[in-house]
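Letter by letter, the chains look like this.
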Amino acid sequence: MRGIIDPTNFGWPRQVEGLNGVVTIPAKPQRIITASVGHDETILALVPAERLVAVGAPTRIDTYSNVYGHVQDKPEITRDPETIIAQSPDVLVTSPFFSAEGIAALERVGIPVVQTELQQSPEARINSILLIGYILGEEQRALEFAAEVRGRYDSLVAVTRAASPQPGVLAVTQYSDKLWVAGADSTEGGVIVAAGGMNVAAAAGITGNQTTNLEGIIAMAPEVIIIPQPVDFGANEFRQSLLENEALAEVPAIKNGRVFVVESKFYTTLSYWNILGAEELARVLWPDAFPEPPVLTFTLAE
């Protein structure tokens, strides 16, 4: 698969290709750091918790992290290379958001850094699990966990792809005085599609997460509005303001009271936990097809 230089090599050293080029990993990593919430979530599914030796602050916070309960005893690092070097990691597996300068500083002291892609599709999530499993020397566990994740996704879409007609769904948040919607190639948009909805922002030609206004919401005419915004950051108040705004009164979602605050970390994390968001949204869109709540956890490595 993409990123693995020699798929016949299961020994050490081994090489992988990340966004930062070809990286040699000299031995099976025992001390791992990612500096990324989504990567931390994946690491804990693949290796025992003691091998993840430090985490960034967001991974320890319930609002942002799906594994916060498993990392409260971990030292806290930032993306400042000095805080990472102090933990003596064997490898840093991280996201495209880690700076090139930081990567260079870590490589200068001999720490292998693999910067992996972040794509929104379910297939990309599976590929990420398999690649990280190879980086860590946990190929068998990666195959097992990828099968678990794929099984849940396939079971979901087997129902939602056949469901019709697809309701128009809009993911919208408010931060400061700006409204943000999630279009094509967004994490939230991927959740909407997997749940059997039609992403009205994508249909309107919006890509990624972009600002909009009330006129934009009216024009998109969603039948369902979801708010993937933390309650601590005003999600409930924002929902109420939408329902009470006279300018939006004829928008189908507003008119029918189909406006829902959803668990933001299922929709915005860059990991397999998005599937849980899709499973929960599917229950909103297709309650007869999904009468039982989804399993709220995934297995962790032993």
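Section: the side chain of Thr 116
Item 1. Mapping Thr 116 onto the fold places it in the loop between β7 (113-115) and α4 (122-135).
Item 2. Under the relative-accessibility criterion, Thr 116 is labelled buried at 4%.
Item 3. One polar contact links Thr 116 to His 39, side chain to side chain, over a distance of 2.7 Å.
Item 4. Apart from residues no more than four positions distant in its own chain, Thr 116 is found in contact with Leu 19, His 39, Val 93, Thr 94, Ser 95, Pro 96 and Leu 131.

Overview of the sheet that holds strand β6 (residues 91-94)
Item 1. Spatial ordering of the open sheet is given by β3-β6-β7, a layout of three strands whose pairing is parallel. Lying at the two open borders of the sheet, with one neighbouring strand each, are β3 (32-33) and β7.
Item 2. Two strands pair when backbone bridges link them, and β3 and β6 are joined in this way by two bridges, in the parallel orientation. Paired with Ile 32 across the bridge in β6 is Val 91.

Regarding the packing of helix α6 (residues 187-194) against helix α12 (residues 274-285)
Item 1. The contact between α6 and α12 brings their axes to 8 Å, and the two run at 45°. Considering their axes alone, α6 and α12 lie oblique with respect to each other. Handedness of the crossing formed by α6 with α12: right-handed. Every residue of α12 that contacts α6 at Thr 187, Val 191, Ile 192 and Ala 194 is listed here: Asn 274, Gly 277, Ala 278 and Leu 281.

Some details on the pattern of salt bridges
Item 1. Per the counting criterion, the structure on display carries nine salt bridges.
Item 2. Where salt bridges share partners, they join Lys 28, Arg 51 and Glu 138 into one cluster.

Brief notes about the nonpolar core
When a protein is soluble and globular, its nonpolar side chains tend to lie buried together.
Item 1. Judged by nonpolar contacts, the single largest core of 55 residues is most densely connected at Ile 135 and Ile 226.
Item 2. For this core, the leading source of residues is helix α5 (residues 139-160), giving seven residues.
Item 3. Once residues lying within four places of it in the same chain are set aside, the contact partners of Ile 135 are Trp 12, Val 16, Ile 25, Pro 29, Val 91, Val 93 and Val 114.
Item 4. In this structure, Leu 179, Val 181, Met 220 and Ile 225 belong to the second largest nonpolar core, which totals 19 residues.

A word on α12
Item 1. With 12 residues, α12 should cover 16 Å at 1.5 Å per step; its first-to-last C-alpha distance of 16 Å lies within 8% of that length.
Item 2. Where burial is concerned, most of α12 is hidden: nine out of the 12 residues are buried.
Item 3. Of the residues making up α12, those classed as buried are Asn 274, Ile 275, Leu 276, Gly 277, Ala 278, Glu 279, Leu 281, Ala 282 and Leu 285.
Item 4. In this structure, the buried residues of α12 make contact with α4, α5, β8 (168-175), α6, β12 (224-227) and α11 (264-268).

Scoring rules and cut-offs
- Each chain has its residues counted from 1, running along the sequence as written.
- Local features in this predicted model are restricted to residues of pLDDT 70 or higher, and side-chain atom pairs are both shown and tallied only at a pLDDT of 80 or more, whereas totals for entire chains, interfaces and linings draw on every residue.
- Side-chain metrics in this entry use all non-hydrogen atoms of the structure; hydrogen atoms and water are not considered.
- Helix numbers and strand numbers start at the N terminus; a helix is a DSSP run of H or I with at least 4 residues, a strand a run of E with at least 2.
- The cut-offs for exposure are 20% and 50% of the maximum accessible area for each residue type, with area from a 1.4 Å probe on protein chains only; residues under the lower value are buried, those over the upper are exposed, and the others partly exposed.
- Here a polar contact means two N or O atoms within 3.5 Å. Within protein one must be a hydrogen donor candidate and the other an acceptor candidate, and residues neighboring in sequence count only if both atoms are side-chain atoms.
- Contacts are assigned to residue pairs with any non-hydrogen atoms lying within 4.5 Å of each other.
- For two strands to count as paired, DSSP must find a minimum of two bridges between them.
- Axis definition: a line fit to C-alpha positions, over the contact stretch in the case of helices; interaxial angles, taken between N-to-C directions, run 0 to 180 degrees.
- Put simply, angles under 35 degrees are roughly parallel, angles over 145 are roughly antiparallel, angles from 65 to 115 are roughly perpendicular, and the rest are oblique.
- Put simply, a crossing is left-handed when the front helix is turned counterclockwise from the back one by less than a right angle, and right-handed when it is turned clockwise.
- We define a salt bridge as a contact between a side-chain nitrogen of Lys or Arg and a carboxyl oxygen of Asp or Glu at a distance within 4 Å.
- Buried residues of nine kinds, namely Ala, Val, Leu, Ile, Met, Phe, Trp, Tyr and Cys, make up a nonpolar core once their side-chain atoms join them within 4.5 Å.
- The span expected for a helix works out to 1.5 Å for each residue beyond the first.

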